[in-house]
Amino acid sequence: MKIAVFPGSFDPFTLAHQDLVERALPLFDKIIIAVGYNASKKGMLDHDERVNAIQDVFRGTEAIEAVKYSGLTVDFCLNVGAKFILRGLRNTGDFEFENAIAQNNLLLNPIVESYFLMSRSGKAHISSTIVRDVWFNGGDVSEMVPVEVLALLDEKRSPKH
């Protein structure tokens with residue numbers, strides 16, 4: 001079984017992430033969206049909210065699973081039986097960064113191979129960082145996140161009654 005891990009903080013999960021997973025699905029039998037924790041990023045959603053929102057996006061798609069993880073991605077891959085890491089590239093800066101990580105991952109575990117997919121035209125401008133900035137400043141992110149994520153963000157923005 002070809003299992004790929006798509007790791008990230010996904011805070012929040014965007015339409016670009018969704019597009020990447022959907023385009024990669026024919027390449028793998030299963031894709032595990034591994035939601036990590038990044039202490040250096042100011043979060044808008046807690047770990048469980050991120051996992052639950054992604055599960056909602058792919059509800060009914062058996063070949064896609066969203067789970068929490070911590071530690072080295074290559075170790076997580078071994079624990080779930082994955083031999084592939086899926087990553088998206090928006091630009092040459094992403095390539096330089098992701099290539100360095102992929103080379104180090106190969107040193108840590110030569111069995112796990114990184115696969116890169118280029119962002120689709122019209123989605124490459126979307127990043128979680130930009131979504132957070134727009135959202136924190138009261139802007140409309142409806143064209144940047146799946147409807148399931150938007151519903152969660154709207155709920156967080158609404159005053160509690």
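None of these values were measured; they are calculated from a predicted model. (Residues numbered from 1 in each chain as written. Predicted model: local features only at pLDDT ≥ 70, side-chain atom pairs only at ≥ 80, totals over all residues. Heavy atoms only, no water.)

1. A word on the sheet that holds strand β2 (residues 30-35)
With parallel pairing, the 5 strands of this open sheet are ordered in space as β3-β2-β1-β4-β5. At either margin of the open sheet sits one strand with a lone partner, and together these are β3 (64-68) and β5 (113-118). Mean inter-strand twist for the sheet, computed between neighbouring axes without regard to direction, equals 30°. Where strand β1 (residues 3-8) and strand β4 (residues 84-89) come together, 2 bridges link them in parallel fashion. Considered in β4, the bridge of alanine 4 is made with phenylalanine 84. Helix α2 (residues 47-57) contacts β2 and β3 of the sheet and is inclined by roughly 175° relative to β3. (Pairing = 2+ DSSP bridges. Helix = DSSP H or I, 4+ residues; strand = E, 2+ residues; numbered from the N terminus. Axes fitted to C-alpha atoms, helices over the stretch in contact; angles between N-to-C directions. Contact = heavy atoms within 4.5 Å.)

2. Details of the packing of α2 against helix α6 (residues 147-157)
Running from N to C, α2 and α6 point in directions that differ by 140°, and their axes come no closer than 8 Å. In terms of orientation, α2 and α6 fall into the oblique class. Facing α2, whose interface residues are Glu49, Ala53, Asp56 and Val57, α6 presents Glu148, Val149, Leu152 and Lys156. Looking at the contact of α2 with α6 residue by residue, the class counts come to 4 nonpolar, no polar and 4 charged. (Parallel < 35°, antiparallel > 145°, perpendicular 65-115°, else oblique. Nonpolar A, V, L, I, M, F, W, Y, C, P; charged D, E, K, R; others polar.)

3. Looking at the layout of surface pockets
Taken as a whole, the largest pocket encloses approximately 1,000 Å³ of empty space. Lining the largest pocket are 39 residues, and of these Pro7, Gly8, Ser9, Arg87 and Glu98 lie nearest its centre. Secondary structure elements with two or more residues in the lining of the largest pocket: β1, α1 (15-24), β4, α4 (92-108), β5 and α5 (128-136). With 7 residues, the single largest contributor to the lining of the largest pocket is α4. Tallied by class, residues from the lining of the largest pocket come to 14 nonpolar, 17 polar and 8 charged. (1 Å grid on protein atoms, 1.4 Å probe; cavity = no way out; pocket = protein on both sides within 12 Å on 5 of 7 lines; lining within 4 Å. Points joined across faces, edges and corners; volume = space filled by probe spheres on them.)

4. Notes on the pattern of salt bridges
Two side chains of opposite charge can pair, provided their charged atoms sit close to one another. Evaluation of the coordinates by the stated rule reveals 8 salt bridges. The partner of aspartate 19 in a salt bridge is arginine 120, and the shortest N-O contact between them spans 3.2 Å. Taken together, the positions of aspartate 19 in helix α1 and arginine 120 in the loop between β5 and α5 put the pair 101 residues apart, joining distant regions of the chain. On the accessibility criterion, arginine 120 (42% relative accessible area) is partly exposed. Residues aspartate 56 and arginine 59 are paired through a salt bridge, measuring 2.2 Å at the closest nitrogen-oxygen approach. Judged by relative accessible area, aspartate 56 falls into the partly exposed class, the value being 34%. Take arginine 59: its relative accessible area is 60%, and that puts it in the exposed class. One connected set of salt bridges, linked through shared partners, spans Asp19, Arg23 and Arg120. (Salt bridge = Lys/Arg side-chain N within 4 Å of Asp/Glu carboxyl O. Buried < 20%, exposed > 50% of the residue type's maximum accessible area, 1.4 Å probe, protein only.)

5. Points about α5
Of the residues making up α5, those classed as buried are Ser128, Val131, Arg132 and Trp135. Down the axis, α5 shows its buried residues gathered within 100° of arc, on one side only. Of the residues flanking the end of α5, it is glycine 138, one or two places downstream, whose phi is positive at about 80°. (Arc of directions from axis to C-beta.)

6. Side note on the nonpolar core
Counting residues in each nonpolar core, the largest one holds 34 residues, and the members touching the most others are Phe13, Ile31 and Ile33. Here isoleucine 31 is in contact with Ala4, Phe6, Val21, Ala24, Leu25, Ala63, Ile64, Glu65 and Leu86, once residues within four sequence places are set aside. One finds Val5, Val74, Cys77 and Ile85 within the second-largest nonpolar core, a separate group that totals 11 residues. (Core = buried A, V, L, I, M, F, W, Y, C linked by side-chain atoms within 4.5 Å.)

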